[in-house]
Amino acid sequence: MGATVDLFFRKELPLRGFDDEMRAVVARNLEGRGINLHPRTNLSELIKTADGIKVVTEHGEELMADVVLFATGRTPNTKRLNLSAVGVATDEIGAIKVDEYSRSNVPSIWAVGDVTNRINLTPVALMEGTCFAKTIFGGQPTKLDYSYVPCAVFSIPPLSVVGLSEEHAIEQVNGEILIFTSTFNPMKNTISGRQEKTVMKLVVEAETEKVLGASMCGPDAPEIMQGIAVALKCGATKAQFDSTVGIHPSAAEEFVTMRSVTRRVNGKPKTNL
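Predicted, not measured: the structure shown is a model, and the values here were computed from it.

Colleague: Explain the overall build of the chain to me, please; I cannot follow it from the model alone.
Modeller: Helix and strand counts for the chain stand at six helices and eleven strands. Expressed as lengths along the three principal axes of its C-alpha atoms, the size of the chain is roughly 65 × 60 × 40 Å. For the chain, long-range pairs separated by at least 24 residues make up 52% of all intrachain contacts whose partners lie at least 6 apart in sequence.

Colleague: I would appreciate a short explanation of helix 5 (residues 221-233) in the present structure.
Modeller: The first and last C-alpha atoms of helix 5 sit 18 Å apart over 13 residues, in line with the 18 Å expected at 1.5 Å per residue. Burial in helix 5 covers these residues: A221, P222, I224, M225, I228, A229 and L232. Backbone geometry just after helix 5 places G235 at a positive phi near 80°.

Colleague: What is the right way to read the packing of aromatic side chains from this model?
Modeller: With the rule as written, the count across this model stands at two aromatic pairs. Between F132 and F137, the ring centres sit 5.9 Å apart and the planes meet at 85°, which makes this aromatic pair edge-to-face. Through a chain of ring-to-ring contacts, the aromatic side chains of W110, F132 and F137 assemble into a single cluster. Above the face of the F180 ring, K238 is positioned so that its terminal group lies 4.3 Å from the ring centre.

Colleague: Please explain unusual backbone geometry as it appears in this structure.
Modeller: Glycine aside, the phi torsion of most residues is negative, and most peptide linkages are trans. Cis geometry marks the peptide bond from I156 to P157, where omega comes out at -5°. Within the secondary structure layout, P157 lies in the loop between strand 6 (151-153) and strand 7 (159-163). Cis geometry is found at the peptide bond from H248 to P249, where omega equals -5°. Looking at the secondary structure, you find P249 in the loop between helix 6 (238-242) and strand 11 (263-266). Positive phi is not limited to glycine here, since L15 has a value of about 65°. Mapped onto the elements of the fold, L15 is located in the loop between strand 1 (6-8) and helix 1 (20-32). On the basis of relative accessibility, which here comes to 26%, the residue L15 falls in the partly exposed class. Here the phi dihedral of N82 falls at roughly 55°; this positive angle occurs in a residue that is not glycine. In this fold, N82 is placed in the loop between strand 5 (62-65) and helix 2 (122-136).

What counts as what
- Residues numbered from 1 in each chain as written.
- Predicted model: local features only at pLDDT ≥ 70, side-chain atom pairs only at ≥ 80, totals over all residues.
- Heavy atoms only, no water.
- Helix = DSSP H or I, 4+ residues; strand = E, 2+ residues; numbered from the N terminus.
- Contact = heavy atoms within 4.5 Å.
- Expected span 1.5 Å × (residues − 1).
- Buried < 20%, exposed > 50% of the residue type's maximum accessible area, 1.4 Å probe, protein only.
- Phe/Tyr/Trp six-rings, centres within 6.5 Å; stacked < 30°, edge-to-face > 60°.
- Lys NZ or Arg CZ within 6 Å of the ring centre and 35° of its normal.

So, to be careful, I would describe these as geometric facts and stop short of saying anything about function.
Here it is as structure tokens:
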């Protein structure tokens, strides 16, 4: 739309907590779209002037801007609830402490959603509410399984993931981990001439062949990842992915045609107890 955009972030890559390889893809795509990236940079001062807002970085750099959007993070909005009056326990940032059924330490008080600071996503809060309703009003004690919760970052193109990143798999898995990747130019980019690659990735436990994580950066990634999430929730193996017939021509078929291992990495060493 003609605006110059500068993006400052504290780490080497944006989107801390996501798979490092996919973070690099997002950064590359942002730069390809003309956004100026400033890694390893904090803002130290914002000064309102007649010409706009002067942005000063910790490195002493200055930039004039019309608008600054500063992502400062969030804390649970519990201060006004006066929870201490009834003895509801909260943690150091004000999140309500709950058990696996979303019940607080006060038996008659329950809490769901971002106020509990578990996984702060709208669909997770909805599912927590559903589990609460089943437990209390349906006579079916139900707790939410927080594994394989898919999510998306609606960048252009979007990033979507489910399950473990490569880094988290290395931290949590004993033994060898297989990494499968696919990089290609989407058909619409081939026609338009845009040099923006789609990247897909599967993280697989070698011993069991269980698919532990999937990620994609490219057009329609969230739509595709929602279906992949069902497969991972059901415990799908790489062999089951490979035996699934793909839809052609589609980007999604790449997830069932990754035959060659890109690399092998080792997780935590097994210890004898």
